[in-house]
Amino acid sequence: MESKGVTGAAAAGSPRRVVVAVDESEESMHALSWCLSNVVSVAAANAPAAPPPAVVLVHARPTRPLGYPVIDGAGYVLTQEVMDSMDRYMAAAADTVVAKARDICTAFPNVKVETCVEKGDPREVICGAAEKAGAEMLVMGSHGYGFLQRALLGSVSNHCVQNCKCPVVVVKRPSGAGAAAGDNAKTE
(Lines give C-alpha, C1' and ligand atoms only; values in the text may rest on other atoms or scores of the structure.)
Protein backbone atom coordinates (compact mmCIF):
# COMPACT_ATOMS: atom_id res chain seq x y z
CA MET A 1 0.00 0.00 0.00
CA GLU A 2 1.31 3.42 -0.94
CA SER A 3 -0.24 6.06 1.24
CA LYS A 4 0.99 9.61 1.70
CA GLY A 5 -0.65 11.84 4.24
CA VAL A 6 -3.68 9.75 5.19
CA THR A 7 -3.01 8.78 8.77
CA GLY A 8 -6.40 8.05 10.22
CA ALA A 9 -9.46 9.96 11.29
CA ALA A 10 -9.23 13.71 11.23
CA ALA A 11 -7.82 15.09 14.45
CA ALA A 12 -9.74 17.57 16.54
CA GLY A 13 -9.23 21.09 15.29
CA SER A 14 -7.90 19.98 11.93
CA PRO A 15 -9.54 21.18 8.73
CA ARG A 16 -12.44 19.35 7.15
CA ARG A 17 -11.38 16.47 4.91
CA VAL A 18 -12.89 15.86 1.51
CA VAL A 19 -11.89 12.67 -0.30
CA VAL A 20 -11.90 12.81 -4.10
CA ALA A 21 -11.60 9.58 -6.09
CA VAL A 22 -9.38 10.07 -9.14
CA ASP A 23 -8.55 7.85 -12.08
CA GLU A 24 -7.43 8.38 -15.66
CA SER A 25 -10.89 9.48 -16.82
CA GLU A 26 -11.97 13.00 -17.67
CA GLU A 27 -15.01 12.42 -15.44
CA SER A 28 -12.89 12.09 -12.30
CA MET A 29 -10.84 15.18 -13.12
CA HIS A 30 -14.07 17.11 -13.74
CA ALA A 31 -15.34 15.93 -10.33
CA LEU A 32 -12.11 17.16 -8.72
CA SER A 33 -12.45 20.56 -10.41
CA TRP A 34 -16.09 20.72 -9.35
CA CYS A 35 -15.15 19.89 -5.76
CA LEU A 36 -12.45 22.55 -5.64
CA SER A 37 -14.76 25.19 -7.11
CA ASN A 38 -17.98 24.30 -5.28
CA VAL A 39 -16.91 22.76 -1.99
CA VAL A 40 -13.44 24.05 -1.13
CA SER A 41 -13.94 27.61 -2.43
CA VAL A 42 -17.36 27.91 -0.80
CA ALA A 43 -16.00 26.64 2.52
CA ALA A 44 -13.14 29.15 2.37
CA ALA A 45 -15.51 32.01 1.49
CA ASN A 46 -17.99 31.11 4.26
CA ALA A 47 -15.36 30.73 6.98
CA PRO A 48 -12.31 32.80 6.02
CA ALA A 49 -10.71 32.35 9.45
CA ALA A 50 -10.96 28.57 9.30
CA PRO A 51 -8.50 26.56 7.25
CA PRO A 52 -9.92 25.31 3.95
CA PRO A 53 -10.80 21.63 3.75
CA ALA A 54 -7.97 19.21 3.13
CA VAL A 55 -8.43 17.36 -0.14
CA VAL A 56 -7.42 13.71 -0.14
CA LEU A 57 -6.86 12.35 -3.65
CA VAL A 58 -7.54 8.60 -3.73
CA HIS A 59 -6.47 6.36 -6.61
CA ALA A 60 -6.98 2.60 -6.79
CA ARG A 61 -4.36 0.64 -8.71
CA PRO A 62 -5.64 -2.60 -10.22
CA THR A 63 -4.29 -5.86 -8.89
CA ARG A 64 -3.26 -8.77 -11.05
CA PRO A 65 -5.87 -11.47 -11.49
CA LEU A 66 -4.84 -14.68 -9.72
CA GLY A 67 -4.19 -16.79 -12.83
CA TYR A 68 -2.64 -13.96 -14.80
CA PRO A 69 1.01 -14.35 -13.79
CA VAL A 70 1.29 -17.73 -15.50
CA ILE A 71 -0.49 -17.52 -18.86
CA ASP A 72 -1.91 -14.57 -20.79
CA GLY A 73 -5.02 -14.64 -23.00
CA ALA A 74 -3.09 -15.86 -26.04
CA GLY A 75 -1.62 -18.81 -24.18
CA TYR A 76 1.88 -17.36 -23.72
CA VAL A 77 3.71 -17.99 -20.48
CA LEU A 78 4.59 -14.68 -18.88
CA THR A 79 7.96 -14.31 -17.23
CA GLN A 80 8.61 -12.55 -13.96
CA GLU A 81 10.33 -9.82 -15.99
CA VAL A 82 7.14 -9.18 -17.95
CA MET A 83 5.07 -9.14 -14.76
CA ASP A 84 7.52 -6.71 -13.11
CA SER A 85 7.30 -4.50 -16.20
CA MET A 86 3.50 -4.51 -15.96
CA ASP A 87 3.69 -3.55 -12.28
CA ARG A 88 6.06 -0.66 -13.11
CA TYR A 89 3.68 0.49 -15.83
CA MET A 90 0.69 0.44 -13.45
CA ALA A 91 2.72 2.36 -10.83
CA ALA A 92 3.74 4.96 -13.44
CA ALA A 93 0.12 5.27 -14.61
CA ALA A 94 -0.97 5.86 -11.00
CA ASP A 95 1.75 8.49 -10.57
CA THR A 96 0.54 10.23 -13.74
CA VAL A 97 -3.07 10.30 -12.52
CA VAL A 98 -2.07 11.71 -9.13
CA ALA A 99 0.25 14.29 -10.72
CA LYS A 100 -2.53 15.46 -13.05
CA ALA A 101 -4.93 15.76 -10.08
CA ARG A 102 -2.34 17.65 -8.02
CA ASP A 103 -1.82 20.00 -10.96
CA ILE A 104 -5.55 20.81 -10.97
CA CYS A 105 -5.30 21.58 -7.24
CA THR A 106 -2.55 24.17 -7.78
CA ALA A 107 -5.24 26.70 -8.76
CA PHE A 108 -6.21 26.62 -5.06
CA PRO A 109 -2.88 27.35 -3.30
CA ASN A 110 -4.29 27.38 0.24
CA VAL A 111 -5.70 23.87 -0.01
CA LYS A 112 -3.80 21.11 1.70
CA VAL A 113 -3.59 18.17 -0.74
CA GLU A 114 -2.88 14.62 0.39
CA THR A 115 -2.68 11.48 -1.71
CA CYS A 116 -3.52 7.85 -1.18
CA VAL A 117 -2.67 5.21 -3.80
CA GLU A 118 -3.56 1.61 -2.98
CA LYS A 119 -3.78 -1.62 -4.93
CA GLY A 120 -7.19 -3.23 -4.96
CA ASP A 121 -10.78 -3.11 -6.08
CA PRO A 122 -11.66 0.59 -6.53
CA ARG A 123 -14.92 0.15 -4.62
CA GLU A 124 -13.15 -1.12 -1.53
CA VAL A 125 -10.13 1.18 -1.82
CA ILE A 126 -12.26 4.33 -2.09
CA CYS A 127 -14.65 3.42 0.73
CA GLY A 128 -11.74 2.35 2.95
CA ALA A 129 -9.75 5.52 2.25
CA ALA A 130 -12.77 7.72 3.00
CA GLU A 131 -13.23 6.00 6.34
CA LYS A 132 -9.50 6.09 7.22
CA ALA A 133 -9.28 9.77 6.32
CA GLY A 134 -12.27 10.66 8.48
CA ALA A 135 -13.86 12.20 5.40
CA GLU A 136 -16.77 14.57 5.77
CA MET A 137 -17.56 13.98 2.11
CA LEU A 138 -16.56 11.75 -0.80
CA VAL A 139 -16.63 13.27 -4.29
CA MET A 140 -16.37 11.12 -7.40
CA GLY A 141 -17.12 11.33 -11.08
CA SER A 142 -19.78 9.40 -12.93
CA HIS A 143 -18.67 7.54 -16.02
CA GLY A 144 -22.23 7.63 -17.34
CA TYR A 145 -22.52 3.92 -18.02
CA GLY A 146 -25.90 2.70 -19.16
CA PHE A 147 -27.90 -0.02 -17.46
CA LEU A 148 -26.22 -2.93 -19.29
CA GLN A 149 -22.67 -1.69 -18.68
CA ARG A 150 -23.43 -1.12 -14.99
CA ALA A 151 -24.93 -4.61 -14.75
CA LEU A 152 -21.90 -6.23 -16.37
CA LEU A 153 -19.11 -4.07 -14.95
CA GLY A 154 -20.64 -2.91 -11.70
CA SER A 155 -20.77 0.71 -10.63
CA VAL A 156 -18.06 2.01 -8.36
CA SER A 157 -20.06 5.14 -7.55
CA ASN A 158 -23.18 3.11 -6.73
CA HIS A 159 -21.18 0.87 -4.39
CA CYS A 160 -19.69 3.91 -2.65
CA VAL A 161 -23.09 5.58 -2.29
CA GLN A 162 -24.43 2.42 -0.67
CA ASN A 163 -21.44 1.61 1.55
CA CYS A 164 -19.57 4.79 2.55
CA LYS A 165 -20.32 6.19 5.96
CA CYS A 166 -19.97 9.80 4.80
CA PRO A 167 -22.07 11.69 2.25
CA VAL A 168 -21.15 10.87 -1.36
CA VAL A 169 -21.42 13.40 -4.17
CA VAL A 170 -21.42 11.93 -7.68
CA VAL A 171 -20.55 14.56 -10.27
CA LYS A 172 -21.61 14.14 -13.88
CA ARG A 173 -19.73 15.86 -16.68
CA PRO A 174 -21.67 18.62 -18.42
CA SER A 175 -23.37 17.26 -21.51
CA GLY A 176 -23.27 20.51 -23.46
CA ALA A 177 -20.81 23.34 -23.92
CA GLY A 178 -23.14 25.78 -22.14
CA ALA A 179 -23.74 23.65 -19.05
CA ALA A 180 -22.68 25.25 -15.80
CA ALA A 181 -20.19 23.40 -13.60
CA GLY A 182 -22.47 23.49 -10.57
CA ASP A 183 -25.47 21.96 -12.34
CA ASN A 184 -24.24 18.39 -12.49
CA ALA A 185 -23.70 17.17 -8.96
CA LYS A 186 -25.92 14.64 -7.27
CA THR A 187 -25.70 14.08 -3.53
CA GLU A 188 -26.74 10.66 -2.31
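Keep in mind that what you see is a predicted model, and the values were worked out from it rather than measured.

Moving on: the pattern of salt bridges. For the structure shown, the criterion picks out 8 salt bridges. Note that R17 is salt-bridged to E114, the shortest N-O span being 2.8 Å. In this pair, R17 sits in strand 2 (residues 17–21) while E114 sits in strand 4 (residues 113–119), placing the two residues 97 residues apart along the sequence. Since its relative accessible area comes to 9%, R17 is described here as buried. One salt bridge connects D121 with R123, and the closest N-O pair in it is separated by 2.8 Å. Within this structure, R17, K112 and E114 form a network of salt bridges that share partners.

For helix 5 (residues 156–163), every residue scored as buried is listed here: S157, H159, C160 and V161. On its buried side, helix 5 packs onto helix 3 (122–133), strand 5 (137–141) and strand 6 (168–171).

Attention now moves to the nonpolar core. If you look at the biggest cluster of nonpolar residues, it comprises 22 residues, and the most contacted ones within it are V20, L32, V55, L57 and V139. With 8 residues, the single largest contributor to this core is helix 1 (residues 26–46). Here L57 is in contact with V20, V22, L32, V98, A101, R102, C105, V113, E114, T115 and C116, once residues within four sequence places are set aside. By size, the runner-up hydrophobic cluster in this structure holds 21 residues, among which are V56, A133, C160 and V168.

The next point concerns the pairing of strand 6. By the alternation rule, side chains of strand 6 split into V168 and V170 and V169 and V171, which are all buried. Taken together, the 4 bridges between strand 5 and strand 6 define a ladder with parallel strand orientation. Residue L138 lies in a different strand from strand 6, and its bridge partner there is V168.

Below, the discussion takes up the confidence of the model for the chain. The predicted model of the chain has a mean per-residue pLDDT of 79, with 71% of residues at 70 or higher. Across residues 5–13 the pLDDT falls below 50, and counting only partners more than four positions away or on other chains, this stretch makes 19 contacts in the model. Note on residues 177–182: pLDDT under 50 across the span, and 6 contacts to partners over four residues away in sequence or across chains.

Procedures and definitions
Residues numbered from 1 in each chain as written. Predicted model: local features only at pLDDT ≥ 70, side-chain atom pairs only at ≥ 80, totals over all residues. Heavy atoms only, no water. Salt bridge = Lys/Arg side-chain N within 4 Å of Asp/Glu carboxyl O. Helix = DSSP H or I, 4+ residues; strand = E, 2+ residues; numbered from the N terminus. Buried < 20%, exposed > 50% of the residue type's maximum accessible area, 1.4 Å probe, protein only. Contact = heavy atoms within 4.5 Å. Core = buried A, V, L, I, M, F, W, Y, C linked by side-chain atoms within 4.5 Å. Pairing = 2+ DSSP bridges. pLDDT = per-residue confidence, 0-100.

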